[in-house]
Amino acid sequence: LKGWLVRGPAENGAVVLMHGINTNRLTMLSRARFLAAAGYSVLLFDFQSHGESIGRHHTFGYLESLDARAACDYLTSRLPDVKKGVIGTSLGGAAAVLGPGPLDVQALVLEAVYPTIEEATANRIARRLGEPARLLTPLLVWQLRPRLGVSARQLRPIDRIGGIRAPLLLIAGGADKDTTPLESQRLFDAAPQPKEYWEIAGAAHQDFYLYAPKEYEARVLAFLGRYLRSATR
C-alpha cells in the first residue's frame, strides 16, 4: 500500500483517512489539511487496486478491510502511544467495518456506507437504468463469487457494525440515492453506543466535506476532540 503520514503533536491524536471506490488518497487531501491544521497526525493511503497501490480488483470493502487494518497497524507502529481515529467514506467506511475484527481505534467516522451489497447494487442500477432494472440485482450479485472471490453475505456492513468498539459518528446524505437516508439510519440503529448521526440536507453520494465544509469541520473536530485529545491510549 502507498500512502503519506503527516505527523502532529502526540497529545492531539491521529486520524486514518480511507477513500471511496474508484478514487485514491488525493480525494482525502482536503480533510487531511483541516485535520493537520487542528494538530492531528494524519495517514492517507490508497486501497489495493486504487491509486499507487497494487491489486487486481475492487472488492467493495472485503479485501479493502485488510488494507484498513494494515493502515491502522502501521500507524500504531509509528505512533504507538497516540489515540487513533478513522474517517471512512463509502468504500472506506465499509472497509473499516467489514474486517475479521473491530479496528483498534478510539473514534470512527463513517460516511455514506451501504448496509448490504444487494441494496448498494440495486440502488445504483435503478439510478442509471430506472426502477425496473432493480430486477437485475440478483444476477449481478451472483457474479461476485466467480469474479471477485467474495460472496454477498461477506459484504453486509449492517451485520458487522454491532461489533465496533469505538464511538461512532455516522454521516448520511439527505439526497443520496446510492446509500439512502433510510439505509444509513438502519446501519446507525445496528451500531452500539456511544454513537451520533448527522444527515446533511441536500447532499447526494458525494464528498460531504466539500458539500458542507464549515459544518463538517465543526462536527468532525468536535467528535474527534472528545475521544482523541490525550497522550495515552
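Our structure is the block above this text.
Residues numbered from 1 in each chain as written. Predicted model: local features only at pLDDT ≥ 70, side-chain atom pairs only at ≥ 80, totals over all residues. Heavy atoms only, no water.

### Regarding the overall build of the chain
Quick note on the threshold: Comment: elements are numbered from the N terminus, with helices defined as DSSP H or I runs of at least four residues and strands as E runs of at least two. Atoms counted for the radius of gyration: C-alpha only. Globule rule: 2.2 Å times residue count to the power 0.38. Here the term buried applies to any residue with accessible area under 20% of the maximum for its type, exposed to any over 50%, and partly exposed to those in between, with areas from a 1.4 Å probe on protein chains only.
A count of helices and strands for the chain gives ten helices and seven strands. In summary, the chain has a C-alpha radius of gyration of 17 Å against a globular reference of 17 Å for 233 residues, a match within 12%. For the C-alpha atoms alone, the extent of the chain along its principal axes is close to 55 × 35 × 30 Å. Looking at the chain as a whole, 50% of its 233 residues are labelled buried.

### Side note on the pairing of strand β5 (residues 107-111)
When a strand is regular, its side chains alternate between the sheet's two faces. Worth spelling out the cut-off: Strand pairing is defined by DSSP finding a minimum of two bridges between the two strands. A clockwise path from the first strand over the helix to the second, with the strands pointing away from the viewer, defines a right-handed crossover.
Most of β5 sits out of view: five of its five residues are buried. With burial as the criterion, each face of β5 is covered, one bearing Ala-107, Val-109 and Glu-111 and the other bearing Leu-108 and Leu-110. Bridge count between strand β4 (residues 84-89) and β5: five bridges; the pairing is parallel. When the sheet's bridge partners are listed, Val-86 is paired in β5 with Leu-108. Traced from β4 through helix α3 (residues 91-98) to β5, the parallel crossover comes out right-handed. Where β5 meets strand β6 (residues 168-173), four bridges bridge the pair, whose relative direction is parallel. Considered in β6, the bridge of Leu-108 is made with Leu-168.

### Brief notes about unusual backbone geometry
At the junction of Gln-193 and Pro-194, the peptide bond is cis and its omega measures out at -5° in the coordinates. As for its placement among the helices and strands, Pro-194 is situated in the loop between α8 (181-190) and β7 (195-200). With a phi angle near 50°, Ser-90 is a residue other than glycine that sits in the positive phi range. Positionally, Ser-90 belongs in the loop between β4 and α3.

### Brief notes about the environment of Lys-195
Among the secondary structure elements, Lys-195 is positioned in strand β7. A relative accessible area of 18% places Lys-195 in the buried class. Sequence spacing of Lys-195 and Phe-223 is 28 residues, and the spatial spacing of their C-alpha atoms is 10.0 Å.

### Some points on the side chain of Thr-59
Rules: Here a polar contact is recorded for every N or O atom pair within 3.5 Å, except that within protein the pair must consist of a potential hydrogen donor and a potential acceptor, and residues adjacent in sequence are included only if both atoms are side-chain atoms. By definition, residues are in contact when any of their heavy atoms lie within 4.5 Å.
Take Thr-59: it is sitting in the loop between β3 (41-45) and α2 (64-78). A polar contact is formed between the side chain of Thr-59 and the backbone nitrogen of Leu-63, at a distance of 2.8 Å. Within the structure, the side chain of Thr-59 is placed 2.5 Å from the side chain of Glu-64, a separation counted as a polar contact. Those residues in contact with Thr-59 that sit more than four places away from it in its chain are Gln-48, Glu-64, Leu-148 and Leu-155.

### Structural notes on helix α10 (residues 213-228)
Note that an α-helix has 3.6 residues per turn; residues three or four places apart therefore point the same way. Put simply, the rule reads: Take the residue count of a helix, subtract one, and multiply by 1.5 Å to get its expected span. By arc we mean the arc of the directions from the helix axis to the C-beta atoms, nothing more.
The end-to-end C-alpha distance of α10 is 21 Å, a good match for the 22 Å that 16 residues give at a rise of 1.5 Å each. Burial in α10 covers these residues: Tyr-216, Val-220, Phe-223, Leu-224 and Leu-228. Across the axial projection of α10, the buried residues extend over an arc of 110°, all falling on one side.

### Focus on the layout of surface pockets
For clarity, the cut-off: Here a cavity denotes a set of grid points, spaced 1 Å apart and computed over the protein atoms alone, in which a 1.4 Å probe fits but from which it cannot get out, and a pocket denotes an open set meeting protein on both sides within 12 Å along at least five of seven lines; residues with an atom within 4 Å of a point are reported as lining. Grid points are joined across faces, edges and corners, and a volume is the space filled by probe spheres set on the points. Each residue is assigned to one of three groups, with Ala, Val, Leu, Ile, Met, Phe, Trp, Tyr, Cys and Pro labelled nonpolar, Asp, Glu, Lys and Arg labelled charged, and all others, Gly among them, labelled polar.
Taken as a whole, the largest pocket spans an internal volume of roughly 990 Å³. Counting only elements with at least two residues in the lining of the largest pocket, the list comes to α4 (117-129), α5 (137-142) and α6 (144-148). At seven residues, the largest contribution of residues to the lining of the largest pocket is made by α4. Taken together, the residues of the lining of the largest pocket sort by class into 14 nonpolar, 13 polar and eight charged.

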